[in-house]
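Now for the letters of each chain:
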Amino acid sequence: MTAEPISDRGARRPAPPPNGYTVDDLFTLPDLPPHTELIDGSLVFLRPQRRFHAKMIDLLMNGLRQTLPESLTAEREMTVVLDRRNGPEPDVSIVRTEAVTGLDQTHFRAEDVVLAIEVVSPDSEARDRDAKPRKYAAAGIPHFWLVDAAGSDGHPVVHVYELDIVAKSYVVSGIHHEQLKTGVPFPITMDISLDALSRF
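Residues numbered from 1 in each chain as written. Predicted model: local features only at pLDDT ≥ 70, side-chain atom pairs only at ≥ 80, totals over all residues. Heavy atoms only, no water.

Spatially, β5-β7-β9-β10-β11-β12 is the arrangement adopted by the 6 strands of the open sheet, whose pairing is mixed. A strand with exactly one partner marks an edge of an open sheet, and here the two such strands are β5 (72–76) and β12 (169–176). Adjacent strand axes in the sheet meet at a mean angle of 20° when their direction is disregarded. Note that strand β10 (residues 143–150) and strand β11 (residues 155–164) share 8 bridges and pair antiparallel. Following the sheet pairing, Val147 is matched in β11 by Val158. Helix α3 (residues 125–138) rests against β9 (113–119), β10, β11 and β12 of the sheet, and its axis sits at about 170° to β10. (Pairing = 2+ DSSP bridges. Helix = DSSP H or I, 4+ residues; strand = E, 2+ residues; numbered from the N terminus. Axes fitted to C-alpha atoms, helices over the stretch in contact; angles between N-to-C directions. Contact = heavy atoms within 4.5 Å.)

Here is the structure:
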């Protein structure tokens, strides 16, 4: 598919097709900014992230990799194809190792993902808290974490959700502040304190 570029405050952006973009467009359109997402057929261009966001991803990746079974792997900021019109990019994904095809891989399928994690950002708060969890649940991803800064000191808090397979929606199974400890999707014990975050 070819898309004509249009001007947007000096930046050239492709004009959307009449029925919106597809995941094929997401992977083939030239010159898209890094970490572009596809939500409901629309391209979403992400703004620069807060330091909390970057450091929190580092903390999560380090903690998860210490306890991952061989059958799973941790990936950061990789597109997950949910359907033809949705290709979001979770901040962290836990995927089945068998789904990893090589270093040139650009995405995973929803059925390969067992845990999607979003670290809330001011410019994407509505997507992180509402649109993305609904779409992850509808696609059958069994676990979802939402990470945010809380309190006057901005300490990390991790909301842990599990999929209700009948309702196809997430139910909260825990809210963690200083330490994250859970048995699913595998046994995890992780220091998520502000001190731990500051070490990254």
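With 4 of its 5 residues buried, β5 lies for the most part within the structure. Sheet topology note: the β5/strand β7 (residues 92–96) ladder contains 5 bridges and is antiparallel. Among the inter-strand pairings, Ala74 is bridged to a residue of β7, identified as Ile94. (Buried < 20%, exposed > 50% of the residue type's maximum accessible area, 1.4 Å probe, protein only.)

Taken over all residues, the pLDDT of the protein chain has a mean of 92, while the share at 70 or more is 93%. Note that residues 1–8 has pLDDT below 50 and, in this model, 19 contacts with residues that lie over four places away or in other chains. (pLDDT = per-residue confidence, 0-100.)

Attention shifts here to α3. Counted at 1.5 Å a residue, the expected span for α3 with its 14 residues is 20 Å, and the 19 Å between its end C-alpha atoms agrees. Listed as buried for α3 are Asp128, Ala131, Lys132, Pro133, Lys135, Tyr136 and Ala137. Against the buried residues of α3 lie β3 (37–39), β9, β10, β11 and β12. Immediately beyond the C-terminal end of α3, within one or two residues, lies Gly140, with a positive phi of roughly 90°. (Expected span 1.5 Å × (residues − 1).)

With that settled, consider the environment of His107. Here His107 lies in strand β8 (residues 107–109). What makes His107 partly exposed here is its relative accessible area of 29%. Spatially, the C-alpha atoms of His107 and Leu60 are 20 Å apart, while their sequence positions differ by 47 residues. Dropping the residues within four chain positions of it, His107 is found in contact with Phe27, Met78, Thr79 and Val81. At a separation of 2.9 Å, a polar atom in the side chain of His107 contacts the side chain of Thr106. (Polar contact = N/O pair within 3.5 Å; in protein donor to acceptor, adjacent residues only side chain to side chain.)

With that settled, the discussion passes to the packing of aromatic side chains. Enumeration according to the criterion identifies 3 aromatic pairs in this entry. Between Tyr136 and Phe144, the ring centres sit 5.9 Å apart and the planes meet at 50°, which makes this aromatic pair tilted. On the accessibility criterion, Phe144 (2% relative accessible area) is buried. Aromatic side chains Phe144 and Tyr170 sit 5.6 Å apart centroid to centroid with 25° between the ring planes, which places their arrangement in the stacked category. Taken together, the residues Phe144 in strand β10 and Tyr170 in strand β12 connect sequence positions 26 residues apart. There is no split in this pair, since Phe144 and Tyr170 are both buried. Taken together, the ring pairs connect Tyr136, Phe144, Tyr161 and Tyr170 into an aromatic cluster. (Phe/Tyr/Trp six-rings, centres within 6.5 Å; stacked < 30°, edge-to-face > 60°.)

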